[in-house]
Amino acid sequence: MLICPVLLCGGSGTRLWPLSRKSYPKQFVPLVGVETLFQTSARRLSGANSELEFEPPVVLTNSDFRFIVAEQLQAIGIDPGTIMIEPEGRNTAPAVLAAALHAYAKDQSAILLVAPSDHVVPDAAEFQAAVARGLDAVAQGKLVTFGITPTHAETAYGYLELAAGSGGDGAPVPLKKFVEKPDLARATEMLEAGNYKWNAGIFLFRAADIIAAFQTHAPDMIQPVKAAVEKSKQDLGFLRLDPESWAQAEDISIDYAVMEKATNLSVVPFGAAWSDLGGWDAVWREGGPDSQGVVTSGGATAIDCQNSLLRSDSEQLEIVGIGLDNIIAVAMNDAVLVADASRAQDVKKAVSALKEKGAAQATTFPKDHRPWGWFESLVVGDRFQVKRIHVHPGASLSLQSHVHRAEHWIVVEGTAHVTIDDREQLVSENQSVYIPLGAVHRMENPGKVPMVLIEVQTGTYLGEDDIVRYEDKYARGQGAKG
(Lines give C-alpha, C1' and ligand atoms only; values in the text may rest on other atoms or scores of the structure.)
Protein backbone atom coordinates (compact mmCIF):
# COMPACT_ATOMS: atom_id res chain seq x y z
CA MET A 1 0.00 0.00 0.00
CA LEU A 2 1.44 3.34 -1.10
CA ILE A 3 1.93 5.95 1.63
CA CYS A 4 2.86 9.61 1.21
CA PRO A 5 5.14 10.77 4.05
CA VAL A 6 4.69 14.35 5.24
CA LEU A 7 7.64 15.77 7.19
CA LEU A 8 7.06 18.90 9.25
CA CYS A 9 10.33 20.78 9.23
CA GLY A 10 9.90 24.35 10.44
CA GLY A 11 10.51 24.35 14.20
CA SER A 12 13.21 26.27 16.05
CA GLY A 13 13.99 23.94 18.98
CA THR A 14 14.90 26.61 21.56
CA ARG A 15 15.18 24.08 24.41
CA LEU A 16 18.36 22.74 22.78
CA TRP A 17 20.09 26.13 22.64
CA PRO A 18 22.92 26.88 21.91
CA LEU A 19 23.20 24.00 19.43
CA SER A 20 19.70 24.58 18.04
CA ARG A 21 18.73 28.12 17.03
CA LYS A 22 16.18 29.79 14.83
CA SER A 23 18.67 30.13 11.95
CA TYR A 24 19.65 26.42 12.10
CA PRO A 25 17.39 24.31 14.34
CA LYS A 26 17.94 20.88 15.85
CA GLN A 27 16.44 18.83 13.00
CA PHE A 28 19.42 19.69 10.78
CA VAL A 29 22.05 18.81 13.39
CA PRO A 30 23.59 15.35 14.05
CA LEU A 31 22.60 15.32 17.72
CA VAL A 32 22.57 11.53 17.98
CA GLY A 33 24.68 9.57 15.50
CA VAL A 34 26.32 10.78 12.29
CA GLU A 35 23.15 11.74 10.40
CA THR A 36 20.90 14.64 11.26
CA LEU A 37 17.53 14.13 12.91
CA PHE A 38 15.86 15.22 9.66
CA GLN A 39 17.82 12.65 7.65
CA THR A 40 17.02 9.78 10.02
CA SER A 41 13.35 10.83 10.01
CA ALA A 42 13.31 10.80 6.20
CA ARG A 43 14.93 7.35 6.15
CA ARG A 44 12.33 6.03 8.57
CA LEU A 45 9.58 7.17 6.20
CA SER A 46 11.13 5.76 3.05
CA GLY A 47 11.92 2.45 1.37
CA ALA A 48 9.63 -0.53 1.11
CA ASN A 49 8.88 -3.69 3.06
CA SER A 50 6.35 -6.49 2.60
CA GLU A 51 3.43 -4.26 3.60
CA LEU A 52 4.48 -0.65 3.03
CA GLU A 53 5.74 1.37 0.13
CA PHE A 54 6.49 5.06 0.44
CA GLU A 55 6.27 7.84 -2.11
CA PRO A 56 8.90 10.59 -2.12
CA PRO A 57 8.14 12.84 0.87
CA VAL A 58 6.24 16.09 1.07
CA VAL A 59 8.27 18.44 3.29
CA LEU A 60 6.81 21.56 4.88
CA THR A 61 9.50 24.10 5.69
CA ASN A 62 10.32 27.79 5.39
CA SER A 63 12.28 29.74 2.80
CA ASP A 64 15.51 29.85 4.80
CA PHE A 65 15.65 26.06 5.14
CA ARG A 66 14.59 25.01 1.64
CA PHE A 67 18.06 24.36 0.26
CA ILE A 68 19.18 22.65 3.47
CA VAL A 69 16.23 20.25 3.18
CA ALA A 70 17.02 19.42 -0.44
CA GLU A 71 20.75 19.06 0.23
CA GLN A 72 20.31 16.76 3.24
CA LEU A 73 17.84 14.51 1.42
CA GLN A 74 20.07 14.24 -1.63
CA ALA A 75 23.06 13.44 0.60
CA ILE A 76 21.36 10.23 1.77
CA GLY A 77 19.94 9.29 -1.63
CA ILE A 78 16.28 10.20 -1.06
CA ASP A 79 14.26 11.92 -3.76
CA PRO A 80 13.32 15.33 -2.27
CA GLY A 81 9.78 14.98 -3.60
CA THR A 82 7.68 18.10 -2.96
CA ILE A 83 9.24 20.75 -0.74
CA MET A 84 6.45 23.18 0.19
CA ILE A 85 7.62 26.57 1.43
CA GLU A 86 5.48 28.15 4.14
CA PRO A 87 5.58 31.96 3.80
CA GLU A 88 5.42 32.20 7.60
CA GLY A 89 5.01 29.77 10.48
CA ARG A 90 1.33 29.14 11.25
CA ASN A 91 1.75 26.02 13.42
CA THR A 92 0.93 22.46 12.37
CA ALA A 93 -2.77 22.64 11.43
CA PRO A 94 -2.38 24.75 8.25
CA ALA A 95 0.73 22.77 7.29
CA VAL A 96 -1.04 19.41 7.55
CA LEU A 97 -4.08 20.71 5.66
CA ALA A 98 -1.89 22.10 2.88
CA ALA A 99 -0.14 18.75 2.49
CA ALA A 100 -3.48 16.93 2.46
CA LEU A 101 -4.99 19.23 -0.18
CA HIS A 102 -1.85 18.91 -2.32
CA ALA A 103 -1.90 15.10 -2.08
CA TYR A 104 -5.66 14.84 -2.64
CA ALA A 105 -5.40 16.89 -5.85
CA LYS A 106 -3.04 14.26 -7.25
CA ASP A 107 -4.72 11.15 -5.80
CA GLN A 108 -8.09 11.19 -4.07
CA SER A 109 -7.25 7.94 -2.28
CA ALA A 110 -3.90 9.23 -0.95
CA ILE A 111 -2.79 8.05 2.52
CA LEU A 112 -0.60 10.45 4.50
CA LEU A 113 1.86 9.65 7.28
CA VAL A 114 2.54 12.95 9.05
CA ALA A 115 5.55 13.22 11.36
CA PRO A 116 7.84 15.82 12.91
CA SER A 117 11.35 15.77 11.48
CA ASP A 118 13.24 15.95 14.77
CA HIS A 119 12.32 12.74 16.61
CA VAL A 120 14.57 9.80 17.48
CA VAL A 121 13.17 6.33 16.76
CA PRO A 122 16.09 3.88 16.68
CA ASP A 123 14.08 0.88 15.42
CA ALA A 124 12.75 2.00 12.04
CA ALA A 125 11.45 -1.48 11.22
CA GLU A 126 9.33 -1.58 14.37
CA PHE A 127 8.00 1.89 13.60
CA GLN A 128 6.99 0.81 10.10
CA ALA A 129 5.33 -2.28 11.60
CA ALA A 130 3.29 0.05 13.83
CA VAL A 131 2.29 2.05 10.77
CA ALA A 132 1.19 -1.16 9.06
CA ARG A 133 -0.97 -2.01 12.08
CA GLY A 134 -2.80 1.27 11.65
CA LEU A 135 -3.78 0.80 8.00
CA ASP A 136 -6.97 -1.19 8.65
CA ALA A 137 -8.27 1.63 10.84
CA VAL A 138 -7.36 4.13 8.13
CA ALA A 139 -9.33 2.06 5.60
CA GLN A 140 -12.34 2.44 7.90
CA GLY A 141 -12.06 6.23 7.82
CA LYS A 142 -10.23 6.61 11.14
CA LEU A 143 -7.67 9.27 11.96
CA VAL A 144 -4.82 7.32 13.49
CA THR A 145 -2.32 8.69 15.97
CA PHE A 146 0.59 6.90 17.66
CA GLY A 147 0.93 6.61 21.42
CA ILE A 148 4.36 6.00 22.91
CA THR A 149 4.56 3.69 25.92
CA PRO A 150 5.95 5.90 28.73
CA THR A 151 9.26 4.92 30.31
CA HIS A 152 9.13 7.53 33.08
CA ALA A 153 6.89 10.25 34.50
CA GLU A 154 7.53 12.94 31.90
CA THR A 155 6.08 16.44 32.35
CA ALA A 156 7.18 17.82 28.96
CA TYR A 157 4.80 15.68 26.85
CA GLY A 158 1.08 15.60 26.32
CA TYR A 159 -0.62 12.25 26.90
CA LEU A 160 -3.28 10.08 25.25
CA GLU A 161 -5.74 8.27 27.48
CA LEU A 162 -6.80 4.93 26.02
CA ALA A 163 -9.94 3.01 26.84
CA ALA A 164 -9.16 0.92 29.92
CA GLY A 165 -7.70 -2.53 29.24
CA SER A 166 -6.98 -1.87 25.56
CA GLY A 167 -3.83 -1.76 23.48
CA GLY A 168 -2.04 -4.86 24.73
CA ASP A 169 -1.43 -6.37 21.28
CA GLY A 170 -0.39 -3.14 19.57
CA ALA A 171 -3.55 -2.97 17.42
CA PRO A 172 -5.37 0.36 17.03
CA VAL A 173 -7.60 1.20 19.99
CA PRO A 174 -10.09 3.99 20.68
CA LEU A 175 -8.83 7.24 22.15
CA LYS A 176 -10.67 8.31 25.27
CA LYS A 177 -9.18 11.80 25.47
CA PHE A 178 -6.14 14.01 25.09
CA VAL A 179 -4.37 15.09 28.28
CA GLU A 180 -2.34 18.30 28.50
CA LYS A 181 1.24 18.31 29.82
CA PRO A 182 0.88 17.29 33.50
CA ASP A 183 2.75 18.16 36.66
CA LEU A 184 5.02 15.49 38.13
CA ALA A 185 2.42 14.08 40.52
CA ARG A 186 -0.15 13.64 37.75
CA ALA A 187 2.46 12.21 35.36
CA THR A 188 3.38 9.63 38.02
CA GLU A 189 -0.26 8.65 38.45
CA MET A 190 -0.72 8.19 34.68
CA LEU A 191 2.44 6.11 34.44
CA GLU A 192 1.16 3.78 37.16
CA ALA A 193 -2.34 3.57 35.63
CA GLY A 194 -0.95 1.93 32.49
CA ASN A 195 -3.55 3.16 29.99
CA TYR A 196 -1.85 6.44 29.13
CA LYS A 197 0.59 6.97 26.25
CA TRP A 198 2.79 9.87 25.29
CA ASN A 199 1.39 11.90 22.42
CA ALA A 200 4.02 11.61 19.68
CA GLY A 201 2.32 14.01 17.26
CA ILE A 202 2.54 11.42 14.47
CA PHE A 203 -0.58 10.77 12.37
CA LEU A 204 -1.79 8.38 9.68
CA PHE A 205 -4.94 9.03 7.65
CA ARG A 206 -6.42 9.36 4.20
CA ALA A 207 -6.15 12.85 2.76
CA ALA A 208 -9.92 12.85 2.15
CA ASP A 209 -10.65 12.04 5.81
CA ILE A 210 -8.46 14.74 7.31
CA ILE A 211 -9.86 17.30 4.87
CA ALA A 212 -13.38 16.25 5.96
CA ALA A 213 -12.31 16.63 9.60
CA PHE A 214 -11.15 20.19 8.92
CA GLN A 215 -14.46 20.93 7.17
CA THR A 216 -16.28 19.77 10.30
CA HIS A 217 -14.07 21.11 13.10
CA ALA A 218 -12.08 23.98 11.57
CA PRO A 219 -14.05 25.12 8.51
CA ASP A 220 -12.61 28.64 8.54
CA MET A 221 -9.20 27.23 7.68
CA ILE A 222 -10.25 25.52 4.46
CA GLN A 223 -10.59 28.60 2.25
CA PRO A 224 -7.26 30.35 3.01
CA VAL A 225 -5.17 27.16 2.95
CA LYS A 226 -6.87 25.90 -0.22
CA ALA A 227 -6.19 29.27 -1.85
CA ALA A 228 -2.56 29.17 -0.70
CA VAL A 229 -2.13 25.76 -2.36
CA GLU A 230 -4.02 26.62 -5.55
CA LYS A 231 -2.13 29.90 -5.98
CA SER A 232 1.26 28.35 -5.12
CA LYS A 233 4.13 28.92 -7.52
CA GLN A 234 7.04 26.77 -8.58
CA ASP A 235 10.40 28.24 -7.59
CA LEU A 236 13.24 26.11 -8.94
CA GLY A 237 12.46 22.74 -7.36
CA PHE A 238 10.24 24.16 -4.61
CA LEU A 239 6.54 24.93 -4.26
CA ARG A 240 5.91 28.34 -2.67
CA LEU A 241 2.52 28.69 -0.99
CA ASP A 242 0.74 31.95 -1.68
CA PRO A 243 1.71 34.36 1.13
CA GLU A 244 -1.43 36.52 1.19
CA SER A 245 -3.76 33.53 1.43
CA TRP A 246 -1.52 31.75 3.93
CA ALA A 247 -1.52 34.75 6.26
CA GLN A 248 -5.29 34.40 6.65
CA ALA A 249 -5.02 30.89 8.13
CA GLU A 250 -5.28 30.60 11.90
CA ASP A 251 -2.04 29.95 13.78
CA ILE A 252 -3.01 26.73 15.61
CA SER A 253 -1.82 23.17 16.13
CA ILE A 254 -3.46 20.17 14.50
CA ASP A 255 -4.34 18.81 17.96
CA TYR A 256 -6.30 21.91 19.00
CA ALA A 257 -7.85 22.56 15.58
CA VAL A 258 -9.05 19.03 14.78
CA MET A 259 -7.78 16.06 16.76
CA GLU A 260 -9.19 17.00 20.18
CA LYS A 261 -12.61 17.53 18.61
CA ALA A 262 -12.76 14.52 16.27
CA THR A 263 -14.70 11.39 17.26
CA ASN A 264 -13.09 8.98 14.77
CA LEU A 265 -9.61 8.72 16.32
CA SER A 266 -7.69 5.51 16.91
CA VAL A 267 -4.36 5.08 18.66
CA VAL A 268 -1.64 2.62 17.67
CA PRO A 269 0.45 1.89 20.78
CA PHE A 270 4.19 1.94 20.14
CA GLY A 271 6.40 0.30 22.73
CA ALA A 272 9.83 0.70 21.15
CA ALA A 273 12.30 3.47 21.96
CA TRP A 274 11.28 7.02 21.03
CA SER A 275 12.29 10.56 21.96
CA ASP A 276 11.45 14.00 20.64
CA LEU A 277 14.79 15.27 22.01
CA GLY A 278 12.85 18.11 23.59
CA GLY A 279 15.64 19.09 25.96
CA TRP A 280 19.23 18.39 26.92
CA ASP A 281 18.02 15.86 29.50
CA ALA A 282 16.60 13.82 26.60
CA VAL A 283 19.90 14.11 24.72
CA TRP A 284 21.63 12.83 27.85
CA ARG A 285 19.32 9.79 27.97
CA GLU A 286 19.74 9.03 24.26
CA GLY A 287 23.51 9.49 24.53
CA GLY A 288 23.90 6.33 26.61
CA PRO A 289 25.26 7.42 30.00
CA ASP A 290 28.25 5.45 31.30
CA SER A 291 28.41 3.71 34.68
CA GLN A 292 28.70 7.11 36.38
CA GLY A 293 25.79 8.55 34.42
CA VAL A 294 28.07 10.73 32.28
CA VAL A 295 27.76 11.48 28.56
CA THR A 296 30.55 13.29 26.71
CA SER A 297 30.86 14.19 23.06
CA GLY A 298 33.22 16.20 20.88
CA GLY A 299 36.06 17.86 22.75
CA ALA A 300 34.70 17.07 26.21
CA THR A 301 36.45 15.48 29.19
CA ALA A 302 34.81 14.47 32.47
CA ILE A 303 36.85 13.97 35.66
CA ASP A 304 35.08 12.57 38.73
CA CYS A 305 31.68 13.62 37.34
CA GLN A 306 28.27 12.02 37.81
CA ASN A 307 24.91 12.21 36.01
CA SER A 308 26.11 14.95 33.67
CA LEU A 309 26.27 15.86 29.99
CA LEU A 310 29.40 17.57 28.64
CA ARG A 311 29.45 18.46 24.96
CA SER A 312 31.67 20.60 22.75
CA ASP A 313 30.52 21.38 19.22
CA SER A 314 33.60 23.40 18.34
CA GLU A 315 36.72 21.93 16.79
CA GLN A 316 38.81 24.54 18.62
CA LEU A 317 37.20 24.33 22.06
CA GLU A 318 37.84 21.74 24.75
CA ILE A 319 35.44 21.58 27.69
CA VAL A 320 36.52 19.91 30.95
CA GLY A 321 34.26 19.13 33.90
CA ILE A 322 35.66 18.27 37.34
CA GLY A 323 33.49 16.96 40.15
CA LEU A 324 30.20 17.83 38.47
CA ASP A 325 26.91 16.24 39.46
CA ASN A 326 23.63 16.63 37.58
CA ILE A 327 25.04 19.30 35.25
CA ILE A 328 24.50 20.06 31.57
CA ALA A 329 27.40 21.89 29.89
CA VAL A 330 27.32 22.61 26.15
CA ALA A 331 30.01 24.71 24.47
CA MET A 332 30.13 26.32 21.04
CA ASN A 333 32.39 28.95 19.51
CA ASP A 334 30.11 31.81 20.47
CA ALA A 335 28.07 30.58 23.43
CA VAL A 336 28.25 28.23 26.42
CA LEU A 337 25.34 26.75 28.37
CA VAL A 338 25.79 25.53 31.96
CA ALA A 339 22.62 24.35 33.74
CA ASP A 340 21.38 22.04 36.44
CA ALA A 341 19.96 19.00 34.63
CA SER A 342 16.68 19.38 36.51
CA ARG A 343 16.22 22.76 34.77
CA ALA A 344 16.66 21.41 31.23
CA GLN A 345 13.19 22.56 30.18
CA ASP A 346 14.05 26.13 31.22
CA VAL A 347 16.73 26.59 28.56
CA LYS A 348 14.19 28.40 26.42
CA LYS A 349 14.18 31.10 29.13
CA ALA A 350 17.83 31.73 28.28
CA VAL A 351 16.87 32.35 24.65
CA SER A 352 14.24 34.88 25.75
CA ALA A 353 16.73 36.64 28.03
CA LEU A 354 19.32 36.86 25.25
CA LYS A 355 16.72 38.25 22.84
CA GLU A 356 15.83 40.97 25.35
CA LYS A 357 19.46 42.09 25.57
CA GLY A 358 19.86 42.00 21.79
CA ALA A 359 22.42 39.17 21.68
CA ALA A 360 22.77 37.66 18.22
CA GLN A 361 23.48 34.27 19.82
CA ALA A 362 19.80 34.00 20.77
CA THR A 363 18.77 33.13 17.23
CA THR A 364 21.76 33.20 14.90
CA PHE A 365 24.03 30.21 14.40
CA PRO A 366 27.79 30.87 14.02
CA LYS A 367 27.84 28.96 10.73
CA ASP A 368 25.48 30.50 8.17
CA HIS A 369 24.24 27.94 5.63
CA ARG A 370 23.47 28.98 2.07
CA PRO A 371 22.49 26.95 -1.03
CA TRP A 372 26.07 27.13 -2.31
CA GLY A 373 27.69 26.07 0.99
CA TRP A 374 28.32 27.97 4.22
CA PHE A 375 30.38 30.65 5.89
CA GLU A 376 31.35 31.58 9.42
CA SER A 377 32.76 34.75 10.92
CA LEU A 378 36.20 34.28 12.47
CA VAL A 379 36.97 37.83 13.59
CA VAL A 380 34.77 40.96 13.64
CA GLY A 381 36.06 44.51 14.22
CA ASP A 382 34.60 47.99 13.87
CA ARG A 383 35.52 48.29 10.17
CA PHE A 384 36.64 44.78 9.21
CA GLN A 385 35.50 41.17 9.30
CA VAL A 386 37.26 37.88 8.53
CA LYS A 387 35.22 34.92 7.27
CA ARG A 388 35.83 31.34 6.27
CA ILE A 389 33.75 30.46 3.20
CA HIS A 390 33.05 26.88 2.04
CA VAL A 391 31.67 26.45 -1.51
CA HIS A 392 30.31 23.08 -2.65
CA PRO A 393 31.62 21.51 -5.89
CA GLY A 394 29.86 23.06 -8.89
CA ALA A 395 28.19 25.74 -6.77
CA SER A 396 28.43 29.50 -7.17
CA LEU A 397 27.55 32.65 -5.26
CA SER A 398 25.33 35.24 -6.89
CA LEU A 399 26.65 37.93 -9.20
CA GLN A 400 26.61 40.85 -6.76
CA SER A 401 28.07 44.10 -5.55
CA HIS A 402 28.37 45.92 -2.22
CA VAL A 403 27.74 49.55 -1.41
CA HIS A 404 29.75 49.79 1.79
CA ARG A 405 32.61 47.26 1.69
CA ALA A 406 35.53 45.94 -0.30
CA GLU A 407 36.76 42.33 -0.04
CA HIS A 408 39.97 40.34 -0.23
CA TRP A 409 39.72 36.63 -1.07
CA ILE A 410 42.49 34.15 -0.27
CA VAL A 411 41.90 30.60 -1.54
CA VAL A 412 43.15 27.98 0.93
CA GLU A 413 41.61 24.84 -0.58
CA GLY A 414 40.60 24.07 -4.17
CA THR A 415 40.25 26.55 -7.01
CA ALA A 416 37.86 29.49 -7.44
CA HIS A 417 36.55 30.88 -10.71
CA VAL A 418 36.27 34.60 -9.98
CA THR A 419 34.43 37.31 -11.92
CA ILE A 420 35.21 40.98 -11.19
CA ASP A 421 33.34 43.37 -13.49
CA ASP A 422 34.31 42.27 -17.03
CA ARG A 423 37.32 40.18 -15.98
CA GLU A 424 37.31 36.44 -15.18
CA GLN A 425 40.16 34.42 -13.70
CA LEU A 426 41.00 31.21 -11.86
CA VAL A 427 42.39 31.68 -8.36
CA SER A 428 44.18 28.62 -7.00
CA GLU A 429 45.26 27.58 -3.53
CA ASN A 430 47.58 30.15 -1.88
CA GLN A 431 46.53 32.86 -4.36
CA SER A 432 44.42 35.92 -3.60
CA VAL A 433 42.31 38.53 -5.35
CA TYR A 434 40.94 41.98 -4.39
CA ILE A 435 37.34 43.10 -5.04
CA PRO A 436 37.01 46.89 -4.88
CA LEU A 437 33.97 48.54 -3.32
CA GLY A 438 31.14 48.63 -5.86
CA ALA A 439 32.66 46.05 -8.23
CA VAL A 440 30.24 43.50 -9.69
CA HIS A 441 31.66 40.12 -8.74
CA ARG A 442 31.02 36.42 -8.26
CA MET A 443 32.91 33.34 -7.12
CA GLU A 444 32.28 29.81 -8.38
CA ASN A 445 33.73 26.41 -7.58
CA PRO A 446 34.44 24.71 -10.92
CA GLY A 447 36.05 21.68 -9.30
CA LYS A 448 34.86 18.36 -7.88
CA VAL A 449 36.06 19.01 -4.33
CA PRO A 450 34.98 21.74 -1.89
CA MET A 451 36.60 25.14 -2.30
CA VAL A 452 37.52 27.06 0.86
CA LEU A 453 38.66 30.65 1.04
CA ILE A 454 39.31 33.29 3.66
CA GLU A 455 37.47 36.55 3.04
CA VAL A 456 38.62 39.81 4.60
CA GLN A 457 35.99 42.56 4.44
CA THR A 458 36.80 46.22 5.04
CA GLY A 459 34.32 49.07 5.06
CA THR A 460 31.89 51.24 6.98
CA TYR A 461 29.12 48.62 7.15
CA LEU A 462 29.58 44.84 7.04
CA GLY A 463 26.01 43.51 7.37
CA GLU A 464 24.79 40.64 5.20
CA ASP A 465 22.06 42.85 3.76
CA ASP A 466 24.67 44.96 1.92
CA ILE A 467 24.23 42.81 -1.19
CA VAL A 468 22.85 43.86 -4.57
CA ARG A 469 22.15 40.73 -6.65
CA TYR A 470 22.20 40.81 -10.46
CA GLU A 471 22.09 37.07 -11.22
CA ASP A 472 21.55 34.08 -8.97
CA LYS A 473 21.17 30.42 -9.94
CA TYR A 474 19.16 29.90 -6.73
CA ALA A 475 16.62 32.65 -7.51
CA ARG A 476 16.93 34.23 -4.05
CA GLY A 477 16.07 37.82 -4.97
CA GLN A 478 17.47 40.70 -2.93
CA GLY A 479 18.36 40.88 0.76
CA ALA A 480 20.64 38.96 3.08
CA LYS A 481 19.30 35.56 2.05
CA GLY A 482 16.67 36.38 -0.53
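All values reported here derive from a predicted model rather than from experimental measurement.

### Section: the confidence of the model for the chain
Confidence in the prediction for the chain averages 93 pLDDT; 97% of positions are at 70 or higher. Ranking the helices and strands of the chain by mean pLDDT puts helix α7 (residues 207–217) first, with 98, and strand β19 (residues 367–370) last, with 88.

### Description of the UniProt feature "domain: Mannose-6-phosphate isomerase type II C-terminal" (unreviewed entry) in the chain
Per the UniProt record, "domain: Mannose-6-phosphate isomerase type II C-terminal" (unreviewed entry) is annotated on residues 361–472. Between the end C-alpha atoms of residues 361–472 there is a gap of 29 Å, over a span that is 0% helix and 56% strand.

### Thoughts on the nonpolar core
Core analysis: the biggest nonpolar cluster contains 96 residues, and L31, L113, F146, L204, W274 and W280 have the highest contact counts within it. Counting 49 residues, the second-largest nonpolar core is a separate cluster that includes A100, V114, I210 and L265.

### Observations regarding the packing of helix α3 (residues 92–106) against α7
Their axes nearest at 9 Å, the elements α3 and α7 cross at an angle of 135 degrees. Taken together, the axes of α3 and α7 are oblique relative to one another. Judged by the sense of rotation from one axis to the other, the crossing of α3 with α7 is left-handed. From α3, A93, V96, L97, A100, L101 and Y104 reach across to α7, where they touch A207, A208, I210, I211 and F214. Partitioning the contact of α3 with α7 into residue classes produces eleven nonpolar, no polar and no charged.

### Let's talk about the sheet that holds strand β17 (residues 327–331)
Taken in spatial order, the four strands of this open sheet run β13-β15-β17-β18, and their pairing is mixed. Bordering the open sheet on either side are β13 (294–297) and β18 (336–340), each of which pairs with just one other strand. Averaged over all pairs of adjacent strands, the angle between strand axes in this sheet comes to 5 degrees, irrespective of strand direction.

### A word on unusual backbone geometry
With an omega of 10 degrees, the peptide bond between W17 and P18 qualifies as cis. A positive phi is found at L277, a non-glycine position, where the angle reads about 45 degrees. With respect to the secondary-structure elements, L277 resides in the loop between β12 (265–270) and α11 (280–286).

Reading the values: rules and limits
- Residues numbered from 1 in each chain as written.
- Predicted model: local features only at pLDDT ≥ 70, side-chain atom pairs only at ≥ 80, totals over all residues.
- Heavy atoms only, no water.
- pLDDT = per-residue confidence, 0-100.
- Helix = DSSP H or I, 4+ residues; strand = E, 2+ residues; numbered from the N terminus.
- UniProt positions renumbered as here; feature names shortened; annotations may be inferred.
- Core = buried A, V, L, I, M, F, W, Y, C linked by side-chain atoms within 4.5 Å.
- Buried < 20%, exposed > 50% of the residue type's maximum accessible area, 1.4 Å probe, protein only.
- Axes fitted to C-alpha atoms, helices over the stretch in contact; angles between N-to-C directions.
- Parallel < 35°, antiparallel > 145°, perpendicular 65-115°, else oblique.
- Left-handed = near helix turned anticlockwise from the far one by under 90°.
- Contact = heavy atoms within 4.5 Å.
- Nonpolar A, V, L, I, M, F, W, Y, C, P; charged D, E, K, R; others polar.
- Pairing = 2+ DSSP bridges.

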